[in-house]
Amino acid sequence: MTILIDFVLILLSCLILIPCFVLFIECLMSLLPRNKTSEIKAEENTDFNILIPAHNEEMVIETTLKSILSQVDLPDKIIVVADNCSDQTAAIARKYQVTVLERQDDENRGKGYALDYGLNHLKNNPPNTVILIDADCYITPETVNKLVNKASITQKPVQALYLLEKPENPSPKDLISALAFLVKNQVRFTGLSRLGLPCLLSGTGMAFPWQALEKISLASGNIVEDMQLGIDLALCGYSPVFCPSAQVTGILPQQTSAAKTQRTRWEHGHLQTILTQVPRLLKGTIIQRRFDLLALALELSVPPLSLLVMLWIGTTTITIVAGFFGASWLPTIILGIAGMSLLLGFISGWAKFGRKEIPAFALLTIPFYLLWKIPLYFAFLVRPESKWVRTERD
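A brief report on the enclosed structure follows. Keep in mind the model is a prediction, meaning the values are calculated, not measured. (Residues numbered from 1 in each chain as written. Predicted model: local features only at pLDDT ≥ 70, side-chain atom pairs only at ≥ 80, totals over all residues. Heavy atoms only, no water.)

**So, unusual backbone geometry**
- Although it is not a glycine, Glu142 adopts a positive phi angle of roughly 75 degrees.
- Among the structural elements, Glu142 can be located in the loop between strand S5 (137-139) and helix H5 (143-154).
- Classification of Glu142 as partly exposed rests on a relative accessible area of 45%.
- Of note in this structure, Gln155 is not a glycine but carries a positive phi near 55 degrees. (Helix = DSSP H or I, 4+ residues; strand = E, 2+ residues; numbered from the N terminus. Buried < 20%, exposed > 50% of the residue type's maximum accessible area, 1.4 Å probe, protein only.)

**Some details on the packing of helix H8 (residues 225-235) against helix H10 (residues 291-300)**
- Packing of H8 against H10 brings their axes to within 11 Å, and their N-to-C directions diverge by 160 degrees. With respect to H10, the element H8 is oriented roughly antiparallel. Handedness of the H8/H10 crossing: left-handed. Contacts between H8 and H10 pair Met227, Ile231, Ala234 and Leu235 from the former with Leu293, Leu296 and Leu300 from the latter. (Axes fitted to C-alpha atoms, helices over the stretch in contact; angles between N-to-C directions. Parallel < 35°, antiparallel > 145°, perpendicular 65-115°, else oblique. Left-handed = near helix turned anticlockwise from the far one by under 90°. Contact = heavy atoms within 4.5 Å.)

**As for the pairing of strand S4 (residues 129-132)**
- Along S4, one buried face is formed by Thr129 and Ile131 and the opposite face, lined by Val130 and Leu132, is buried too.
- Here strand S1 (residues 48-54) runs beside S4; their pairing, made up of four bridges, is parallel. Within S4, the residue paired with Asn49 across the bridge is Val130.
- With four bridges joining them, S4 and strand S7 (residues 206-209) adopt antiparallel strand pairing. Paired with Val130 across the bridge in S7 is Phe208. (Pairing = 2+ DSSP bridges.)

**What to know about the environment of Pro126**
- You can see Pro126 is positioned in the loop between helix H4 (111-122) and S4.
- You can call Pro126 partly exposed: its relative accessible area is 33%.
- When the C-alpha atoms of Pro126 and Pro198 are compared, they prove to be 26 Å apart, with 72 residues separating the residues in sequence.
- Each residue touching Pro126, except ones within four places of it in the same chain, is listed here: Asp47 and Trp210.

The following block contains the structure:
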């Protein structure tokens, strides 16, 4: 019985160690200096369109369009898909002379269906590159050119740096949410880029060669359609790459219910994707003999940081108690290494990328942030989110 317990605890400890070590390596590599070698520029006449899926976005669509219009020569290159809208989203978009497509379908709802509708509109005269930007984001100058350029050169999907803007008077929870987002989308993606490895897609600020989009279908109600899209493309030979110099910024929800809805959708979808897509990527690694798919499987296997910390605390507590009752201390040692890797990776990422925006005192509130997240993960065990739900705007 003792041997069986030791085996189970060692197995659990190793399962915790793998994502902790993956995160540590990614954060460590992000500290390396950026390659300053100048990139080859794509031809200036590269044809592109920008798709913006929008569902009742009258509060934010104007800001989004203003940030993009200065970066395109013709407004009709921007296509707003007003998807099942019951507000003035379409009317506001038309004021800026962009192309507006209105879609009504009560059964097939979600961002994936809206994007598919926009792509079908382009099929008769497809551009070389398609850029996808959410309706509640704004982009920094030159972002469009940089995305088009990198997609044209690499002929791969490209992910811009996607960060969340903090409110003027952020709460500790806001600061930790922004930090977790920064570690996921900037620190880890930068580390993967330094290693020459692919990244996952973040949902906005993405550019695709048209030939890549022809390989997959976007028409689904997947609650994390971006993550699924990146995996599908990678398995078809188009692994996404990171472009940190192009930046897209979203707004951190202030209403408690809105923040909870957004987090539930993101993290339940992430966990569901881990369970279904990591085996698929590992299978593809073996069949296609591609290391980039293995790297993507390892990247995907890292759960949301809050959950990873909770799993580490829970498993470590169990192994310590078991050790006092005569079980092997090896699992505790393995988890000690895992915990140190997790801590060093997180702190190093914060020190380089987030120290100016997120003060050190905010790190002290992490335990309270974890407590806030416990019901969210418990809900995944009882009733996981399965339908796309739009986050309410402040």
